[in-house]
Amino acid sequence: MAKTKKAVTSKTASEKKKPEKQLDPVFLTPFDRYLLARGTDYKVYQKMGAHPAVHEGKKGMHFAVWAPHAKAVSIVCDRNQWDPKANYMLPLEKSGIYEGFIPDMGFGETYKYAILTKKGDVLYKADPYGFSSEFRPGTASKTADIAGYKWGDAKWMRDRASKGTFDQPLAIYECHLGSWLKAEDRPERDGFMNYREYAKELVDYCKYMGYTHVELMGIAEYPFDGSWGYQVTGYYAPTSRYGEPKDFMYLVDTLHKNGIGVILDWVPAHFPKDAHGLADFDGEPLYEYADPRMGEHPDWGTKCFDYSKNEVKNFMIGNALYWYDEYHVDGLRVDAVASMLYLDYGRKDGQWVPNRFGGNGNLDAMEFFKHLNSVIRGRKDGTIIIAEESTAWPKVTTRPEDDGLGFTYKWNMGWMHDFLDYMKLDPYFRKDNHNKMTFGMSYATSEKFILVLSHDEVVHLKCSMINKMPGLEGDKFRNLKCGYLFMFGHAGKKLLFMGQDFAQFHEWDEKVQLNWELCDQPLNKDMQNFVRDLLHMYRKYPAMYELDDSWEGFYWINADDASRSIFSFVRQDKTGKNSLLFVVNMTPVDRPDYMVGAPVKGKYTLILDQDGEVTPKSEKQRVFTAEKGECDKQPFRVRYPLPGYGCAVFRFNNPKEKK
């Protein structure tokens, strides 16, 4: 582990040389510096940080860092015994950038920047643009080769660019690798497996279950496991917990070759105060706002990025594009967007500064998002960006040209809270809260939504999904099945957090792996099979995803059956002819004489019920004939004995025009 050391007082041979004679600028041209100062160098990571180079005929490593408030900057590493006076860097005129070169230095070597502040202190900082980091608790950056990986996902990348985004299925498996699966024989690594090992296991599981994408938590380097990766110190470094950068490339590549997309959590809202990180990087606020009313987040004890600075915006925009370009990721899920948009987020009166119009909107953050998302949309390569925005901020997924923020999707947090509030209720009280389940459709087309049941809902004494359900054990499982079916039938893309699909009992704990042995227990295995059938049904029938953001894709059969707590609705595909009828009974009361309204006459084929997929081998009645007779304000009706906590999905052909 590279240690932070005090400045040595003995003079070395290299110290006696004048810094300006050690090297000439060899990497960053005046045009590079111009783009960085404007915030439009979208490949900024190709020049900043550590890169192999040749200087005066010698191979070595070139370094570049932005530290405009520093009196001097040097490179410290094993080669110079971490001596801050051994390898000074050259300041580039009027840019705040320092360059340096160490001959014979190769890949896999640790280093930091020693920054002499105006106050005379020496700070030892990790490289903001470093491609790799030491395994914690080490805090140094590592030189890393990210070039030359032989990708095998060309077909995936072509198909991604050619397909539409919104009319495709999107069923996301949110996963924290370190607690998804552990290796018992690696206590020295806290059981962490390598990205390459995770690749095989994730592919096998996601293909079996039917997920279209994996969303990975905590990939950018972070020092504290308990932050789950949401307090980042190495924005350009895949965490060393699971291996090297090319190991992570292998993981993405393998998932792609097996038809599974990759989304990363991304945290541009705030960063921690760890001594080796971005906070007060050159002895003064640099990446953060100088005014603590804007530069400090009181809820999290972290620093907030200053998006009024072009260099900071460039750092983050370049970082987003870095993950897309160098690691082929398909999407970013942007954490804590609301905390960026609202100047008073988590702050009391007097603790925040209004914008120039007197409002509480952060104009710098708005401009940043519009800039970033315009660039991503302009790529036209199928990459997406998702906002975790917890308020009713308007036009989150509207194009920047139309005064929107420009995100591809928004997490539907309102739906999530209403859904969970309802599902936790004793069935007796659900009739008085019926609107919690129907309200979401009143605004379903206002944004491009993803319905989420994320990690945040199964931690901090909130209970696991199965233990949120009321009743005894059997009722809990039947309840949760109904909830999942309602979610998958509802308009919007889908996300489940790991462990929810087999009804893990205990809350998520990042320190231990999922309780996989539960998959051998009858009730848990039955739940896993049910969710698997749901996922495969979701991908099989375009009616479940093609028109998520259109009123043509969804209509209620009966949204007002509160007294019985039954919901019925129809999903349609783009043709309007291939439709699915959903029925969900949210109480344990059997309804043997139940009838559901049917929009057209003909055959209604049962394809899934509370026991999972219904096939000819299920020995269940599969085909029901709609009879003439008004029901639920529809001209036809289907008689179906609906059990307590029963659910049903019927396939039917609709010769009518789309509703």
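Residues numbered from 1 in each chain as written. Predicted model: local features only at pLDDT ≥ 70, side-chain atom pairs only at ≥ 80, totals over all residues. Heavy atoms only, no water.

## What to know about the pairing of strand β31 (residues 647-653)
Note the threshold: Each residue gets one of three labels from its accessible area relative to the maximum for its type: buried under 20%, exposed over 50%, partly exposed in between, using a 1.4 Å probe on protein chains only. Numbering of helices and strands starts at the N terminus; helices are DSSP runs of H or I of at least 4 residues and strands are runs of E of at least 2. Paired strands are those between which DSSP finds at least two bridges.
Judged by how many residues are buried, β31 sits mostly within the fold: five of seven residues are covered. Sheet topology places strand β25 (residues 578-585) next to β31; seven bridges connect them, and they run antiparallel. Looking across to β31, one finds that Phe-582 is bridged to Val-649. As judged from the four bridges shared by strand β27 (residues 602-609) and β31, these two strands associate in the antiparallel manner. Considered in β31, the bridge of Asp-609 is made with Ala-648.

## What about the nonpolar core?
As a reminder, the rule being used: Throughout this description, the term nonpolar core refers to a set of buried Ala, Val, Leu, Ile, Met, Phe, Trp, Tyr and Cys residues connected via side-chain atoms within 4.5 Å. Any two residues having at least one pair of non-hydrogen atoms within 4.5 Å are treated as being in contact.
Residues Tyr-173, Trp-180, Leu-202, Leu-216 and Tyr-287 are the most contacted members of the largest nonpolar core, which totals 185 residues. Counting residues per element, this core draws most heavily on helix α8 (residues 310-327), which supplies 10 residues. With residues near it in sequence (within four places) discarded, Leu-202 still touches Tyr-173, Cys-175, Leu-177, Trp-180, Val-214, Leu-216, Leu-251 and Leu-255. Counting residues in hydrophobic clusters, the runner-up holds 22 residues, among them Val-583, Val-596, Val-614 and Leu-642.

## Here we look at the confidence of the model for the protein chain
Quick reminder of the rule: A score from 0 to 100, pLDDT tells how confident the predictor is in each residue.
For the protein chain, the average pLDDT comes to 94, and 95% of its residues sit at 70 or higher. Here residues 1-25 is a poorly scored stretch, pLDDT under 50, and it has 42 contacts once near neighbours within four places are set aside; other chains count.

## Re the side chain of Asp-381
Counted only if it meets this: Two N or O atoms count as a polar contact when they lie within 3.5 Å, although within protein this holds only if one can serve as hydrogen donor and the other as acceptor, and sequence-adjacent residues are included solely when both atoms are side-chain atoms.
Assignment of secondary structure puts Asp-381 in the loop between α10 (363-379) and β19 (384-387). Within polar-contact distance, the side chain of Asp-381 engages the side chain of Thr-383 at 2.6 Å. Each residue touching Asp-381, except ones within four places of it in the same chain, is listed here: Arg-160 and Ala-161.

## A short note on the pattern of salt bridges
Counted only if it meets this: The salt bridge definition used is simple: a Lys or Arg side-chain nitrogen within 4 Å of an Asp or Glu carboxyl oxygen.
Considering all chains together, one arrives at 47 salt bridges under this definition. The closest approach of N and O atoms between Arg-196 and Asp-247, which form a salt bridge, is 2.6 Å. With Arg-196 in helix α5 (residues 195-209) and Asp-247 in helix α6 (residues 245-257), the pair connects residues that are 51 residues apart, well separated along the chain. Its relative accessible area of 36% is what places Arg-196 among the partly exposed residues. For the salt bridge of Lys-273 with Glu-296, the shortest nitrogen-to-oxygen distance reads 2.8 Å. You can see Lys-273 sitting in the loop between β15 (270-271) and α7 (292-295) and its partner Glu-296 sitting in strand β16 (residues 296-297), a full 23 residues away along the chain. You can call Lys-273 partly exposed: its relative accessible area is 42%. For Glu-296, a relative accessible area of 25% corresponds to the partly exposed category. Within the structure, one salt-bridge network assembled from shared partners comprises Lys-43, Arg-160, Asp-325, Asp-330, Arg-379 and Asp-381.

## Describing α6
Rule in force here: Working rule for helices: expected span equals 1.5 Å times residues minus one.
Between its first and last C-alpha atoms α6 spans 18 Å; for 13 residues at 1.5 Å apiece the expected length is 18 Å, and the two agree. Among the residues making up α6, those that are buried are Pro-245, Asp-247, Phe-248, Met-249, Leu-251, Val-252, Asp-253, Thr-254, Leu-255 and His-256. Positive backbone phi, at 80 degrees, marks Gly-259, one or two positions downstream of α6.

## Side note on the sheet that holds β16
Strands sit in the order β15-β17-β16 across an open sheet of three strands; the sheet is antiparallel. Looking at which strands have only one partner, the edges of the open sheet turn out to be β15 and β16. Sheet analysis places β15 next to strand β17 (residues 302-304), joined by two bridges and oriented antiparallel. Each bridged residue has a counterpart across the sheet, and for His-270 the counterpart in β17 is Cys-304.

## So, the pairing of strand β23 (residues 554-558)
Burial within β23 is extensive, with four of its five residues counted as buried. Summarising the sheet, β23 and strand β24 (residues 566-572) pair through four bridges and their orientation is antiparallel. Bridge pairing links Asn-558 to Ser-568 in β24.

## Comments concerning the packing of aromatic side chains
Worth spelling out the cut-off: Two rings from Phe, Tyr or Trp (for Trp, the six-membered ring) form a pair when their centres are within 6.5 Å of each other. A pair whose planes differ by under 30 degrees is stacked, one over 60 is edge-to-face, and the rest are tilted.
Inspection of every chain in the model, using the stated rule, returns 60 aromatic pairs. Aromatic side chains Phe-281 and Tyr-287 sit 6.0 Å apart centroid to centroid with 85 degrees between the ring planes, which places their arrangement in the edge-to-face category. Residues Phe-281 and Tyr-287 agree in their burial class; the two are buried. An angle of 15 degrees between the planes, with centres 4.7 Å apart, marks the rings of Trp-415 and Phe-419 as stacked.

## What about the environment of Cys-463?
Mapping Cys-463 onto the fold places it in the loop between β21 (449-453) and α14 (465-468). Taking C-alpha positions, Cys-463 is 5.5 Å from Glu-507, a pair spaced 44 residues apart along the chain.

## Considerations on the side chain of Asn-654
Within the element layout of this structure, Asn-654 appears in the segment after β31. A relative accessible area of 2% means that Asn-654 is categorised as buried. The residues contacting Asn-654, other than those within four sequence positions of it, are Tyr-555, Gln-572, Gly-576, Lys-577, Ser-579 and Val-600.

## Quick word on the state of the cysteines
Let me state the cut-off plainly: By convention in this document, the label disulfide applies to cysteine sulfur atom pairs within 2.5 Å.
Scanning the model with the defined rule gives zero disulfides in all. Unpaired in terms of disulfides, Cys-175 finds its nearest cysteine sulfur in Cys-206, a separation of 7.5 Å. The structure places no disulfide on Cys-482, whose sulfur is separated from the nearest cysteine sulfur, that of Cys-647, by 4.6 Å.

## Remarks on the packing of α8 against α10
Note the threshold: Each axis is a line fitted through C-alpha atoms, and for a helix only the stretch in contact is used; angles between axes span 0 to 180 degrees, taken between their N-to-C directions. Throughout this description, any angle smaller than 35 degrees is read as roughly parallel, any larger than 145 degrees as roughly antiparallel, any in the 65 to 115 degree range as roughly perpendicular, and the remainder as oblique. Left-handed describes a crossing whose near helix is turned anticlockwise from the far helix through less than a right angle; right-handed describes the clockwise counterpart. Each residue gets one of three labels, nonpolar for Ala, Val, Leu, Ile, Met, Phe, Trp, Tyr, Cys and Pro, charged for Asp, Glu, Lys and Arg, and polar for the others, Gly among them.
Relative to each other, α8 and α10 sit at 30 degrees, their axes nearing to 11 Å. Taken as axis vectors, α8 and α10 run roughly parallel relative to one another. Taken as a pair, α8 and α10 cross one another with a handedness that is right-handed. Residues Lys-313, Met-316, Ile-317, Ala-320, Leu-321, Tyr-324 and Asp-325 of α8 lie in contact with α10, whose contacting residues are Glu-367, Phe-368, His-371, Leu-372, Val-375, Ile-376 and Arg-379. By residue class, the composition of the contact of α8 with α10 is nine nonpolar, one polar and four charged.

## What about the layout of surface pockets?
Using the following cut-off: Grid points spaced at 1 Å and placed over the protein atoms alone form the basis of the search, with a cavity being a set where a 1.4 Å probe fits but cannot get out and a pocket an open set showing protein on both sides within 12 Å along at least five of seven lines. Lining residues have an atom within 4 Å of a point. Grid points are joined across faces, edges and corners, and a volume is the space filled by probe spheres set on the points.
Each pocket or cavity is described by its volume, and for the largest pocket that value is around 620 Å³. Around the largest pocket, the lining comprises 25 residues; the ones closest to its centre are Trp-228, Trp-300, Asp-335, Glu-388 and Asp-456. Listing elements by their share of the lining of the largest pocket, those giving two or more residues are α9 (337-341) and α11 (413-423). Considering the residues around the second largest pocket, the lining is formed by 18 residues, among which Trp-156, Lys-163, Gln-168, Pro-169 and His-213 are closest to the centre. No other element matches the four residues that helix α3 (residues 154-162) contributes to the lining of the second largest pocket.

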